[in-house]
Every structure is written in C-alpha cells, then in structure tokens.
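Here's the letter readout for the chains.
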Amino acid sequence: MAIVLGAIADDFTGATDLANNLVRGGMRCVQLIGVPERPLAELVEDVERIDAVVVALKSRSCPVDEAIRDSLAALEWLRTEGARQLFFKYCSTFDSTEAGNIGPVGEALLERLGAPLSVMVPAFPANGRTVYQGHLFVGDRLLNESGMQHHPLNPMHDADLVRVLARQSRHPVGLLPWPTLAQGAEAARARLDELADQGVRQAICDTLDERDLAVLAEATADLPLVTGGSGLGQTLPAAYRRRGWLGEVAAAGSLQPASGSALVLSGSCSRATLAQVDVFLTRFPGFPLDPVSLAEGPDHLERALAFARRHLAGGRPVLIYASADAEQVRRVQQMLGRERAGELVEKALGELARRLVDEGVGRLVVAGGESSGAVVSALGLRALRIGEQIDPGVPWTQAMLAGRQAPLSLALKSGNFGGEDFFLRAFEVLP
C-alpha cells in the first residue's frame, strides 16, 4: 500500500521531530537519511506497516542550489513511492538566511508539483512556538529577542515571517490571519483560495494553540504540499483518518528493548541545551571539547575518547560536549572562523560516535541539528524506526548496524528542545 505522507526535512533532528509527532498521531513512521537510492521495500522490513516516510536532508544551511537539488530529488523518490501528500519540514524557529533556504525550496517544490499554493506553518505550541499576525514567538518573546538572534549559523533578527519569507521568494507571500482561522477550516480554505487567486504561492499561517493546528490540518490535508514545523504533523493524521486514508494503529512507536552503554554528544549552543548540560554535569561526568585544541591535532580527541571509555566501563552515562555560551562561541569563531570551528566540532563528534558505538555504546543521545547530521553520517545510518517521545519533538529511534545483534537506540535532539533534565530522563524512559 502506498504511503500516506512523504516528508522532506532540512535537517536530521527536524526530521525526527516531525516523525515523532506523526507517531504520536498514530502513523507508523520511518526516517531515511539522505535521498534514497533504492525502493523503500529494499531499505526497511515490513514496508506494508509504514504509513509515513520522512527523508532527512542536510539542506538548512547549504548553498541554495544544493538545497533545491536535493529536495527535488527527495520529492521525486517520494512520488515514486506513491505518497498521497508531501510535507516540507523546517525548524519551528524558521532558521534561514536572507537568501533562504526555506523560500526557494518551497517554491521549487510547488513548481515541480504544479501546485498553486502551499501553507507555511512553523508553529509548535507544545514547545512554545506560536505565530500571531505573522510574527513568530518563542514563549512570550519575539523570535529576534528569544536567543535566536545569537544562533551561530542562522541568526534570526526579524520575527515578521511574511517579511522574512518575502526576502527569500520570487512570488508574493501572504498571511492566513488568526481571526479567519478562528472561523474554522472552511473559512481558512476560502482565504487560501483568495490568496492563490492573488498570485500568492506561500502563505504564513497564524497559529496560537493545538485547536488552530487541527483547523489547519483539516483545511490543508488535500493540498499536494504543506510546509512547516512539526506541530502540523500531530494533527494531520486525524484529518487523514476522516478521509479514510489511514486506519487506527495500536503502538505505532513500539521498539525493541535497548541495550549497551549510554553516551550523550552535544554540539548545540542553544540556551536549552546549555541548561541541559549543566543539569547533567551535577550527576554524571562530562568532557568539554575545545575547537581550538581540536585544531592543534588529534591529542584532544584522544583525551576525550579515553575519558569516555573510563567512565563508560563503570556503567555510568557520559557527556562529551562542545556546547558553550555566545561569548565563548564568538571568541572561537574569531580565532578559527565560523565554518572551520563548526567543521572541527562536527568531525570530532562523528568520530567519537563511530568509535564508541563500535566499542559497545548502544544508547546514544545527540544534541544539535548539525551535530546529529555529523553523527548519523559517521555511523553510516540510512534508516531509523521511530519510537515513543522523550520530550515534545524528540523521540527515541532505532537503527540496525552491521555486525550487531541488538539495534542502536538513538535520540536526535534539536538544540532548542527538551526540559532541563532531558539528558537524564532520556535514558530513564527508554524501554
């Protein structure tokens, strides 16, 4: 049977975030790493038990042409697999540069599908991301006052998403405002039709709570393409069921029992992750990675490996982290350059993951989108089964590795997600 939803995510943690909400909505979901080169039936077992596929790309911060190329390739693969609806997933904080990549990729997908319009629904109220009058809030703060103005790769200095998206797009950008949304799905559909008639290709949608997401799902489930954060993913399954596309599923997120030692790798410098690092270090050991020392040669990485091995042998969870506050990050970037500093950390985290998983780590948490991409690539993972949620937006997943009888349990956490005790609770909730 053809899959109901095929999604294209612009980073690995974002893909897992969306997959988590689809599972919570009762869809059996698999996440694929990179544009697949083979049919789904050759990549996963029990393909007939999959309702949704999320293709994870690393296209958030790459050159625009590359992001468009990979996204269109993923789109064609998902269409070949018969996906009924397509979803372009980006971060709930709308991370992007002045040139994209959200606007250009969205327009390219629309053109390939021959569709007149798509919605942009970044809101995720469960994680404090809401949109009102086109302005994105993180908790009670505008996006540009939330800490995202200090993001090391994509600093966000404007909370007006209509304005942000217009700077990235060739076609007019519109707004589906909350007063219209409050009137229900029929009014929302009528407004979207009006915008399409005006030449609008992408419409930012106000969203204040879960009820608004449910209205948006009902209003947009028949569109060829929807786009947004993962919040919309938790309400689309119910809309699919009302259309008879999806049956009731028990335990959509069931995984095998976990085994092996526990490791946390953190490259995120978000406020949420910094707090999580601090809480973890009150109970368990951690080793700080220094990009400057990494640039000087392999000794620093070897010390991190020795530290991890020593404590993992004692049965304790271990944290290795490059997370640092904004001032520290600035100093390092001034010394090494922004790209060089990021590359050093990503390469180190990937190498740590590869070697320590080979040596018996079976439960692995990674914090940060770029860090997660580096780790998944270093481990050579191609497919992840999505399990139950740890915190909103972050589930456990499992992957089979060559030479191992038990699967690797893996949690890929967006830097901004999770409570302060996330690193501690993650291992407590794992079956």
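Calculation notes
- Residues numbered from 1 in each chain as written.
- Predicted model: local features only at pLDDT ≥ 70, side-chain atom pairs only at ≥ 80, totals over all residues.
- Heavy atoms only, no water.
- UniProt positions renumbered as here; feature names shortened; annotations may be inferred.
- Helix = DSSP H or I, 4+ residues; strand = E, 2+ residues; numbered from the N terminus.
- Rg over C-alpha atoms; globule rule 2.2 N^0.38 Å.
- Areas by Shrake-Rupley, 256 points an atom, 1.4 Å probe, with all protein chains shown as cover.
- Lys, Arg positive; Asp, Glu negative; His and termini not counted.
- Charge placed at Lys NZ, Arg CZ, Asp CG, Glu CD.
- Core = buried A, V, L, I, M, F, W, Y, C linked by side-chain atoms within 4.5 Å.
- Buried < 20%, exposed > 50% of the residue type's maximum accessible area, 1.4 Å probe, protein only.
- Contact = heavy atoms within 4.5 Å.
- Salt bridge = Lys/Arg side-chain N within 4 Å of Asp/Glu carboxyl O.
- Polar contact = N/O pair within 3.5 Å; in protein donor to acceptor, adjacent residues only side chain to side chain.

Per an unreviewed UniProt entry, the chain carries the name 3-oxo-tetronate kinase and comes from Billgrantia desiderata. Under the Function (unreviewed entry) heading, UniProt states for the chain: "Catalyzes the ATP-dependent phosphorylation of 3-oxo-tetronate to 3-oxo-tetronate 4-phosphate."

J.: Tell me what's going on with the overall build of the chain, and back it up with residues and numbers.
T.: Each helix and strand in the chain was counted, giving 16 helices and 18 strands. Over its C-alpha trace the chain gives a radius of gyration of 21 Å, about what one expects of a compact globule, namely 22 Å for 431 residues. In terms of its C-alpha atoms, the chain occupies a principal-axis envelope of roughly 65 × 50 × 35 Å. For the chain, the accessible surface area stands at approximately 16700 Å², while carbon and sulfur atoms represent 49% of it. A gap of 3 Å separates the mean positions of the 42 positive and 52 negative side-chain charges of the chain.

J.: Give a description of the UniProt feature "domain: Four-carbon acid sugar kinase N-terminal" (unreviewed entry) in the chain that names residues and reports values.
T.: The feature "domain: Four-carbon acid sugar kinase N-terminal" (unreviewed entry), as given by UniProt, occupies residues 5-236 in the numbering adopted here. Annotated as residues 5-236, this span is 36% helix and 20% strand, and its ends, taken at the C-alpha atoms, are 9 Å apart.

J.: For the nonpolar core, give the residues involved together with the corresponding values.
T.: If you look at the biggest cluster of nonpolar residues, it comprises 79 residues, and the most contacted ones within it are V54, Y240, L265, L289, I320, L352 and L364. At eight residues, the largest contribution of residues to this core is made by helix α14 (residues 338-358). Residue contacts for L352: discarding those within four places in its chain leaves L265, L289, L301, A304, L305 and I320. Counting 45 residues, the second largest nonpolar core, distinct from the first, contains C62, M120, L165 and L225.

J.: I'd like to hear about the UniProt feature "domain: Four-carbon acid sugar kinase nucleotide binding" (unreviewed entry) in the chain, residue by residue, with values.
T.: Mapped onto this numbering, the UniProt entry annotates "domain: Four-carbon acid sugar kinase nucleotide binding" (unreviewed entry) at residues 263-423. End C-alpha atoms of residues 263-423 are separated by 10 Å, and the span's content is 47% helix alongside 24% strand.

J.: Which residues make up the pattern of salt bridges, and what are the values?
T.: Throughout the structure, instances matching the rule amount to 31 salt bridges. Between E248 and R241 there is a salt bridge, with the nearest N and O atoms lying 3.7 Å from each other. Judged by its relative accessible area of 71%, E248 falls in the exposed class. One connected set of salt bridges, linked through shared partners, spans E98, D158, D160, R163 and R167.

J.: How would you explain the environment of R79 if you had to name every residue and give the values?
T.: One can find R79 in helix α3 (residues 64-80). Along the backbone, R79 and P395 are 316 residues apart, and their C-alpha atoms lie at a distance of 26 Å. When neighbours within four sequence positions are excluded, R79 is seen to be in contact with R112 and L113.

J.: An account of the side chain of T16 is requested, with residue identities and associated values reported.
T.: Mapped onto the fold, T16 is located in helix α1 (residues 12-24). The class of T16 is buried, set by a relative accessible area of 0%. Here F12 takes part through its backbone oxygen, which lies 3.1 Å from a polar atom of the side chain of T16. Residues in contact with T16, not counting those within four places in the same chain, are Q31, G393, P395, T397 and L412.

J.: How would you summarise the side chain of Q85 if you had to cite specific residues and measurements?
T.: Checked against the element boundaries, Q85 lands in strand β4 (residues 85-89). Within the structure, the side chain of Q85 is placed 2.5 Å from the side chain of Y240, a separation counted as a polar contact. Leaving out residues up to four positions away in the same chain, Q85 has contacts with V4, L5, G6, T220, A221, D222, L223, P224, V226, L236 and Y240.

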